[in-house]
Amino acid sequence: TENSSFVVSGTLNSLRIRAAQLDLRELSQSTDLDLDGVLSISGDVAADLERKMAIGQLDVTGTLKGHEITDLLFCFSADSSSVSFDSLTGVVSGSRFRGKGRFIWSVKPERWEYTGRVDGFNLDRFAAETIPTYLSGLVEVNGAGVTNSDLRIRAKVNLGPGKVDDIRFESAAGSLGATVDS
């Protein structure tokens, strides 16, 4: 393509992917997803044609919707409606993640979930016009939407030492629900 450079080799049942540069805007033009950014991707994907799904492991670095991604390694299974991440580790916008998750694109707004550990989470890097945070600990997050106009989040947390704006704390546990407006 014009702005992407990638190599796919193997058979339909077993593919090896090496994308030195994958321009997500180009991908968006042929899908129903609103994506932007440039990713470098490597890994292996196996197709299960009978079950109409793909299973694989990918290593991703680059940017996605303005978020810097560093060494994001995940094992996944995907079908026409969703992708499940059986394991997910890496750094997104300066926050380290280790856990599992799921993204469902067959509904609008899209739904997503993540369960695991996060270290150094700064809300200000993920949602515009919010307050700076430094949060680390175990989280269970469910959400809907991927844009400021439709984003909804429900979270359960068990955090260690951290801070919200200028307020420091030793630990925090509980649940919350939020929208961009709240």
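Residues numbered from 1 in each chain as written. Predicted model: local features only at pLDDT ≥ 70, side-chain atom pairs only at ≥ 80, totals over all residues. Heavy atoms only, no water.

Draft legend 1. The arrangement of the overall build of the protein chain in detail. Counting its secondary structure elements, the protein chain contains one helix and 13 strands. Listing the helices and strands of the protein chain from first to last along the sequence gives β-β-α-β-β-β-β-β-β-β-β-β-β-β. Overall, the protein chain is about 55 × 30 × 30 Å in size when its C-alpha atoms are taken along their principal axes. Taking the contacts inside the protein chain whose residues are at least 6 apart along the sequence as the reference set, 31% of them involve residues at least 24 apart. Side-chain charges in the protein chain split into 19 positive and 25 negative, and the spacing between the mean points of these groups amounts to 6 Å. (Helix = DSSP H or I, 4+ residues; strand = E, 2+ residues; numbered from the N terminus. Contact = heavy atoms within 4.5 Å. Lys, Arg positive; Asp, Glu negative; His and termini not counted. Charge placed at Lys NZ, Arg CZ, Asp CG, Glu CD.)

Draft legend 2. Layout of the nonpolar core. I41, L58, V60, F74, F76, L88 and F97 are the most contacted members of the largest nonpolar core, which has 29 residues in total. For this core, the secondary structure elements donating two or more residues are β2 (14-23), β3 (38-48), β4 (53-64), β5 (67-78), β6 (82-92), β8 (111-121), β9 (133-144) and β10 (152-159). When neighbours within four sequence positions are excluded, L58 is seen to be in contact with I17, I41, S42, G43, D44, V45, L72, L73, F74 and F76. (Core = buried A, V, L, I, M, F, W, Y, C linked by side-chain atoms within 4.5 Å. Buried < 20%, exposed > 50% of the residue type's maximum accessible area, 1.4 Å probe, protein only.)

Draft legend 3. Region of interest: the packing of aromatic side chains. Across all of its chains, the model carries four aromatic pairs by this definition. When the ring of F74 is compared with that of F85, the centres are 5.0 Å apart and the planes differ by 90 degrees; the resulting orientation is edge-to-face. On the criterion of sequence distance, the pair formed by F74 in strand β5 and F85 in strand β6 is long-range, its members being 11 residues apart. Both residues of the pair, F74 and F85, belong to the buried class. Ring centres of F97 and Y114 lie 5.5 Å apart, and the angle between their planes is 85 degrees; on these two criteria the pair is classed as edge-to-face. In this pair, F97 is assigned in strand β7 (residues 95-104) and Y114 in strand β8, connecting sequence segments 17 residues apart. Each of the two residues, F97 as well as Y114, counts as buried. (Phe/Tyr/Trp six-rings, centres within 6.5 Å; stacked < 30°, edge-to-face > 60°.)

Draft legend 4. Examining the pattern of salt bridges more closely. Throughout the structure, instances matching the rule amount to four salt bridges. With a closest N to O distance of 3.6 Å, D48 and R51 form a salt bridge. Judged by relative accessible area, which is 56%, R51 ranks as exposed. Residue R98 is joined to D119 by a salt bridge in which the shortest nitrogen-to-oxygen separation is 3.3 Å. In this pair, R98 is assigned in strand β7 and D119 in strand β8, connecting sequence segments 21 residues apart. For R98, a relative accessible area of 38% corresponds to the partly exposed category. Sharing partners across several salt bridges, the network here consists of R98, R117 and D119. (Salt bridge = Lys/Arg side-chain N within 4 Å of Asp/Glu carboxyl O.)

Draft legend 5. Broad picture of the environment of R98. With 83 residues separating them in the primary sequence, R98 and L15 have C-alpha atoms 26 Å apart. Those residues in contact with R98 that lie beyond four places of it in its chain are L88, T89, Y114, G116, R117 and D119.

Draft legend 6. Seen up close, the pairing of β8. Note that β7 and β8 share nine bridges and pair antiparallel. Bridge pairing in β8 places G99 opposite G116. In textbook terms, the turn of a hairpin is the stretch between consecutive antiparallel strands, and for β7 and β8 this stretch comprises six residues. As paired elements, β8 and β9 share nine bridges and run antiparallel to each other. Within the sheet, the bridge partner assigned to F121 lies in β9 and is L135. (Pairing = 2+ DSSP bridges.)

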